[in-house]
Amino acid sequence: MTTIRIKYLTMLLLMIMGTGSVSAQTADSLSHYLKIAAFNNPGVKADFMVYKASLQKVPQAGAYADPELEIGFFLEPMDIIGGKQVAEFKLMQMFPWFGTKKAAQTEATHMAKMSFEKFRETRDNLYLEVYTQWYLLCSLQQKLMNNRDNKALLTQLEQLALRKFSSPSAGAGYSISAPTPPTSTPPAGNGSGMSSMSSMGSSGGSQPTTQNAGMSSMGSSGSGMSSGMSGAASGGMSDVLRIQLEIVELDNNIESILSEIKAEKAKFNTLLNRSALSEIQIPETFEQLPFLFDPETAMTKINDQNPMLNMITEEGLAYKAKAEMDKKMSYPMLGIGVQYMLNKKTSDPMFGMGDMNGKDMIMPMVSVSIPLYRNKYKAQQRESNFWWQASKEKYTNTYNALESELYKTKHLLDDASRKISLYKKQSDLAETTYNLVVQEFVVGKSDLTNVIQVQRQLLDYQLKKAEAVASYNTMVASIQKLISFKDTEQNVNSIYYGNE
């Protein structure tokens, strides 16, 4: 009873500790979702069950063959010298050659380890899918926020255009504050600097406008004033409509992104083997992961930790052990047994034999199997050796493929890093240009075409930067997958082994 109580208390303490560690994680923690995926994903659980099943092969391989018992009865007792034989019992146990069982257990052990490496490979693939899907959701979240921020900018620009349209004297000195992006940097420089920055931010450059010319002629005469006001009114109203068109397009983009986020969340939940409608907390911040990459060190770790290479290694060792077992199987097998004959007394004095009449007989037996047909056993050994050599070649081929994939991933990682730096610089320049071109639009030095063009460029750079960050972080996860997610392996193993 004391032992049982201690066992239950220990289990209760482990459950409390496990609950505390999970609850300490935030809802939007990626490690939290990784643990849920490792614990719930049916593919990972299936491969782990295969590994546990393969472990049961080890004691089977080390067991002796079942003894054979033969029982025979005579329907009519047979007269023999010393009595009448009623029945006969034979018990025989065969023993393989010395070392055969050990070789068989070694083969089964390596096969079980190969199953465990297969489980690790499935788990690492799941982790990479979770990482990829997570960074995709973060990228979509950033796109959604960028589109909403740009919609807010256009809404402010629409109000500015409406005020400009309702105030024909805006070009003559009416003061209107220009909208600024939420993360914009303050513009710097004089008038010539502003002009150069404006031309830098837009591919088409500044275009001459007819609106300002019409507004400048209002003070000359009545007819000129009337025609100028008409031109300003029509130009201002068209500006408002064009801004509204841009807002409508952004509304459509926002709805499309929301729909895509919903679909990707459902896919993310399937990886965790839970309801597709389960809520996922996506963080608002999305930054480039700090990562130092050394190809030589990475290849050394891949050689030591990659589950695919370890799986091929264990497979080769299993074939090597099988070759040793086949060699042992080509030697004779020994059998030890006993034969028991059940007799009863006979009334015939000729067969009575005095005291031997009706006495049971016990006869020890020894048997030896003769492996006479050697070609069969030699072929088995050659087959195992060929499989062993094939596994070594497979290892080299897989190693080369992983090395090629590592350097390709490194190229994609460097390319994504360069794009992040590029789009960050372009976004900063586009924000500054946007501030300048809006101010020029307010005072009548630029038209709406330049404002919308720069605004589109700003949105495009922001979206591309989010995609580049997601690509970079995914490449980091891909390199970690090639090495194997060693840091999280102990956590996952503790989850599975704790349930045994």
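Residues numbered from 1 in each chain as written. Predicted model: local features only at pLDDT ≥ 70, side-chain atom pairs only at ≥ 80, totals over all residues. Heavy atoms only, no water.

A short note on helix α12 (residues 374-443)
Where we set the bar: Only runs of H or I of at least four residues qualify as helices and only runs of E of at least two qualify as strands under DSSP, and these elements are numbered from the N terminus. What a helix is expected to span follows from its residue count: subtract one and scale by 1.5 Å.
With 70 residues, α12 should cover 104 Å at 1.5 Å per step; its first-to-last C-alpha distance of 102 Å lies within 8% of that length. Just beyond α12, the residue with positive phi is glycine 444, at close to 90°.

Quick look at the sheet that holds strand β2 (residues 83-95)
How we decide: Two strands pair under a simple rule: DSSP has to find at least two bridges between them. Lines fitted to C-alpha atoms define the axes, with helix axes restricted to the stretch in contact, and inter-axis angles between N-to-C directions lie between 0 and 180 degrees.
Reading across from one edge, β1-β2-β3-β4 is the order of the four strands in this open sheet, with antiparallel pairing throughout. The open sheet is flanked by β1 (68-80) and β4 (361-368), the only strands paired with a single partner. Put simply, the sheet's adjacent strands are angled 20° from each other on average, direction ignored. Here eight bridges tie strand β3 (residues 334-344) to β4, and the two strands are oriented antiparallel to one another. Note on β4: the bridge partner recorded for glutamine 339 is methionine 363.

A word on the pattern of salt bridges
Quick reminder of the rule: Basic side-chain nitrogens of Lys or Arg form a salt bridge, by our definition, when they fall within 4 Å of a carboxyl oxygen of Asp or Glu. Residue exposure (1.4 Å probe, protein chains only): buried if accessible area is under 20% of the type maximum, exposed if over 50%, otherwise partly exposed.
Under the definition given, this model contains 16 salt bridges. Salt-bridge contacts for aspartate 326 lead to lysine 322; the nearest nitrogen and oxygen are separated by 3.2 Å. With aspartate 326 and lysine 322 both in helix α10 (residues 307-329) and four residues apart, this pair spans about one turn of that helix. Overall, the relative accessible area of 4% leaves aspartate 326 in the buried class. For lysine 322, a relative accessible area of 23% gives the class partly exposed.

Considerations on the packing of helix α3 (residues 42-55) against helix α5 (residues 100-166)
For any two helices packed against each other, one specifies the inter-axial angle together with the distance between the axes. Rules: For classification purposes, an angle smaller than 35 degrees is called roughly parallel, one larger than 145 roughly antiparallel, one from 65 to 115 roughly perpendicular, and anything else oblique. Here a residue-residue contact requires only that any non-hydrogen atoms of the pair lie within 4.5 Å. Residues were grouped as follows: Ala, Val, Leu, Ile, Met, Phe, Trp, Tyr, Cys and Pro as nonpolar; Asp, Glu, Lys and Arg as charged; and all remaining residues, including Gly, as polar.
Viewed as axis vectors pointing N to C, α3 and α5 meet at an angle of 170°, and their least axial separation amounts to 8 Å. It follows from the interaxial angle that α3 and α5 lie roughly antiparallel. Residue-level contacts link Gly43, Val44, Asp47, Phe48, Val50, Tyr51, Ser54 and Leu55 of α3 to Ala112, Ser115, Phe116, Lys118, Phe119, Thr122, Arg123 and Leu126 of α5. Looking at the contact of α3 with α5 residue by residue, the class counts come to nine nonpolar, four polar and three charged.

Overview of the environment of glutamine 281
Among the structural elements, glutamine 281 can be located in the loop between α8 (222-271) and α9 (295-305). Taking the C-alpha atoms as reference points, glutamine 281 and lysine 265, 16 residues apart in sequence, are found 9.9 Å from one another.

Focus on the packing of α5 against α12
Condition: Crossings are sorted by hand: turned counterclockwise from the far helix by less than a right angle, the near helix makes the crossing left-handed, and turned clockwise it makes it right-handed.
Taken N-terminus to C-terminus, the directions of α5 and α12 make an angle of 15°; their axes are 11 Å apart at the nearest point. It follows that α5 is roughly parallel to α12 by the angle criterion. With respect to the hand of their crossing, α5 and α12 are arranged in right-handed fashion. Contacts between α5 and α12 pair Leu153, Leu157, Leu160 and Lys164 from the former with Tyr434, Val438, Phe441 and Val442 from the latter.

Section: the side chain of glutamine 142
Mapped onto the secondary structure, glutamine 142 falls in helix α5. The exposure class of glutamine 142 is buried, given its relative accessible area of 14%. Residue contacts for glutamine 142: discarding those within four places in its chain leaves Glu284, Thr285, Phe286 and Ala466.

Comments concerning the confidence of the model for the protein chain
For clarity, the threshold we go by: The predictor rates its confidence in each residue with pLDDT, a number between 0 and 100.
Overall, the prediction assigns the protein chain a mean pLDDT of 80, with 77% of residues at 70 or greater. For the protein chain, per-element mean pLDDT is lowest for helix α1 (residues 2-23), which scores 35, and highest for α3, which scores 95. The low-confidence segment residues 487-493 (pLDDT under 50) makes twelve contacts with residues lying over four places distant or belonging to another chain.

Remarks on the nonpolar core
Which entries qualify depends on this criterion: Among the buried residues, those of types Ala, Val, Leu, Ile, Met, Phe, Trp, Tyr and Cys that are joined through side-chain atoms within 4.5 Å form a nonpolar core.
Membership of the largest hydrophobic core comes to 69 residues, with the highest contact counts inside it found for Val130, Tyr131, Trp134, Leu157, Phe268, Ile302 and Val451. Within the residue set of this core, elements represented by two or more residues are α2 (30-40), α3, α5, α8, α9, α12 and α13 (448-483). With 17 residues, α13 is the single largest residue contributor to this core. In this view, valine 130 contacts Leu30, Leu34, Ala37, Phe268 and Leu271; residues no more than four positions away in its chain are not counted. Grouped together as the second largest cluster of nonpolar side chains are five residues, Leu144, Ile254, Ile257 and Ile261 included.

Focus on the pairing of β1
Two elements, β1 and β2, share nine bridges in a ladder whose sense is antiparallel. Each bridged residue has a counterpart across the sheet, and for phenylalanine 73 the counterpart in β2 is alanine 87. Hairpin connection from β1 to β2: two residues lie between these consecutive antiparallel strands, with glycine 82 at a positive phi of about 100°.

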